[in-house]
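Below are the chains, spelled out letter by letter.
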Amino acid sequence: MRKLEGKIALVTGGNSGIGLATAKQFVAEGAYVFITGRRQTELDAAVENIGKNVTGIQSDVSKLEDLDRVFDKIKQEQGHLDVVFANAGIGEIAPLGAITEEHFDKIFNINVKGLLFTVQKALPLLPENASIILNASTASTVGTPAFSVYSATKAAVRSFARNWILDLKERKIRVNAISPGVVPTPGYNLLGLNDEQVQEFVDSQAVTIPLGRVGTPDEIARAVVFLASEDSSFVNGIELFVDGGMAQI
Ligand code: NAD
C-alpha cells in the first residue's frame, strides 16, 4: 500500500527544488497533486517532469486573488484537499544597515503572508485528518549573516504551526513545520550567487554539519511524505528538522 493512495495534495512552489521533489514523491506514493509557481514555462516543464496525476496552476502566493483561483480550480476538479505543503518561499541577502522596505515587504509577503493565506484559503476544502506542512528553515534558530529578514519569516512560520493546531483542534487537522538545513536547489542561484559561490558556500557549510555533507531535495521530500501520511497520525505542531544535525549542536 502506498503512503498517500487516493489523497489530493497541493504543493505551492512545486516547480523547483524541494517542492518539485516533494510533488514527485507524493505522486509516486499514490496522490494526485496540484503544483503552483509564478512562471508558466517552469510550471509546464515541472508538470511534464512529474508526468502524471498532476495539474499546474500558475499563481503567486503573495496575491490573494491568485490563491482564490487556485482553490476554485482544486474545488472544481477534485472537490477537496487532504494535504497542503505550503512550500513556496524565497530568500535574499541583506545585512542590517542595508535592509530596504522593498526587501522586507517582498520576503514577508511571500514567505509569511503568502503562506498564511494559502493555508487559510485551503481550510474550506480540508476534511478531518487533513495534514498541513509548513516549510520553515533551520535559519529561524541559527543565526546567519545578512539573512535576518528571511530568518525572521521562518520563525513566524514555525510559530504558525504552534498556534494553528489550536485553531484547528475541533477539526482534527494536523499542522507541522519542516525545517530543512542546507539543501542546494535552484533557489541558491536566486540568492544572487553564481555556481562557484554556491559551491564555496556548500563546502563551507558541509564541514559544520554533523553528517559531513549537505542534504538533497529528495531527503526533505521523504520527511514531508512522512508528515503528510498516516505514518505521522499523532505528530502535531512539531518542527521536524531535516538538517544532518546542523541546528542540533
Ligand atoms: P527553489 O527556488 O528551488 O523553489 C522555490 C519555489 O517557490 C519555486 O517553485 C518558486 O517558483 C516558488 N515561489 C517563489 N516565490 C513564489 C511566489 N510568490 N508564488 C508562488 N511560488 C513562488 O527553492 P527551494 O530551496 O526548493 O525552496 C523551497 C522552500 O524551502 C522555501 O520556502 C525555502 O525557504 C525553504 N527552505 C529551503 C532550504 C534550502 O536549503 N534549499 C532550507 C530551508 C528552507
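Here the structure is a predicted model, which means the values were calculated and not measured.

Student: Help me out: how do you make sense of the pairing of strand E6 (residues 174-180) in this one?
Tutor: Along any regular strand, the residues point their side chains to alternate faces of the sheet. Most of E6 is tucked away, with seven of its seven residues classed as buried. Along E6, one buried face is formed by Arg174, Asn176, Ile178 and Pro180 and the opposite face, lined by Val175, Ala177 and Ser179, is buried too. Since strand E5 (residues 131-135) and E6 lie parallel, the crossover through helix H5 (residues 148-167) that links them has a hand, and here it is right-handed. Both E6 and strand E7 (residues 239-242) contribute to a ladder of four bridges, which runs parallel.

Student: Help me understand the site of the ligand, please; the structure alone is not making it clear to me.
Tutor: Taken together, 29 residues lie near the ligand, and Asn15, Ser16, Tyr150, Thr185 and Tyr188 sit nearest. Within the backbone of valine 61, an N or O atom sits 2.8 Å from a nitrogen atom of the ligand. Backbone polar atom of glycine 181 to an oxygen atom of the ligand: 3.1 Å apart, as the coordinates give it. When the free accessible area of the ligand is taken as 810 Å², the share hidden by the protein chains comes to 95%. Placement of the ligand is best described as lying within the largest pocket.

Student: What is the right way to look at the pattern of salt bridges in this model?
Tutor: A pair can form between side chains of opposite charge whenever their charged atoms are brought close. Scanning all chains against the criterion turns up nine salt bridges. The salt bridge involving glutamate 5 is made with arginine 2; its shortest N-O contact spans 2.9 Å. The exposure class of arginine 2 is partly exposed, given its relative accessible area of 37%. Its salt-bridge partner being arginine 39, residue glutamate 42 comes within 3.7 Å of it at the nearest N-O pair.

Student: What's the story with helix H8 (residues 217-228) in this structure? I'm lost.
Tutor: Side chains that are three or four residues apart share a direction in an α-helix, a result of its 3.6 residues per turn. Here H8 spans 16 Å end to end across twelve residues, near enough to the 16 Å set by a 1.5 Å rise per residue. All of the buried residues along H8 are Ile220, Ala221, Ala223, Val224, Val225, Leu227 and Ala228. Packing partners of the buried residues in H8 comprise helix H1 (17-28), strand E4 (83-86), E5, E6 and E7.

Student: Whenever I open this one, the packing of H1 against helix H2 (residues 40-50) confuses me. Can you help?
Tutor: Two measures define how a pair of helices packs: the angle their axes make with one another and the distance between the axes. Close contact between H1 and H2 brings their axes to 10 Å; oriented N to C, the two are set at 35°. The way H1 lies across H2 gives a crossing that is right-handed. In this structure, H1 contributes Leu20, Ala23, Lys24 and Val27 to the contact, and H2 contributes Ala46, Asn49 and Ile50. Across the contact of H1 with H2, the residue classes tally to five nonpolar, one polar and one charged.

Student: How should I be thinking about the sheet that holds E6 in this particular structure?
Tutor: Backbone-to-backbone hydrogen bonds pair the strands of a sheet. The strands run either parallel or antiparallel. Here we have seven strands laid out as an open sheet, ordered E3-E2-E1-E4-E5-E6-E7, and parallel in their pairing. The strands lining the two open edges of the sheet, one partner per strand, are strand E3 (54-58) and E7. Pairs of neighbouring strands in the sheet enclose a mean axial angle of 20°, with direction left out of account. The pairing of strand E1 (residues 8-11) with E4 spans three bridges and is classified as parallel. Directly across from valine 11, in E4, lies its bridge partner phenylalanine 85. On top of the sheet, H8 reaches E4, E5, E6 and E7; it is set at about 170° to E6, its chief contact.

Thresholds applied
- Residues numbered from 1 in each chain as written.
- Predicted model: local features only at pLDDT ≥ 70, side-chain atom pairs only at ≥ 80, totals over all residues.
- Heavy atoms only, no water.
- Buried < 20%, exposed > 50% of the residue type's maximum accessible area, 1.4 Å probe, protein only.
- Helix = DSSP H or I, 4+ residues; strand = E, 2+ residues; numbered from the N terminus.
- Right-handed = clockwise from strand over helix to strand, strands pointing away.
- Pairing = 2+ DSSP bridges.
- Near = heavy atom within 4 Å.
- Polar contact = N/O pair within 3.5 Å; in protein donor to acceptor, adjacent residues only side chain to side chain.
- Areas by Shrake-Rupley, 256 points an atom, 1.4 Å probe, with all protein chains shown as cover.
- 1 Å grid on protein atoms, 1.4 Å probe; cavity = no way out; pocket = protein on both sides within 12 Å on 5 of 7 lines; lining within 4 Å.
- Sits in = over half its atoms within 2 Å of the grid points.
- Salt bridge = Lys/Arg side-chain N within 4 Å of Asp/Glu carboxyl O.
- Expected span 1.5 Å × (residues − 1).
- Contact = heavy atoms within 4.5 Å.
- Axes fitted to C-alpha atoms, helices over the stretch in contact; angles between N-to-C directions.
- Left-handed = near helix turned anticlockwise from the far one by under 90°.
- Nonpolar A, V, L, I, M, F, W, Y, C, P; charged D, E, K, R; others polar.

That is the geometry; function is a separate question.
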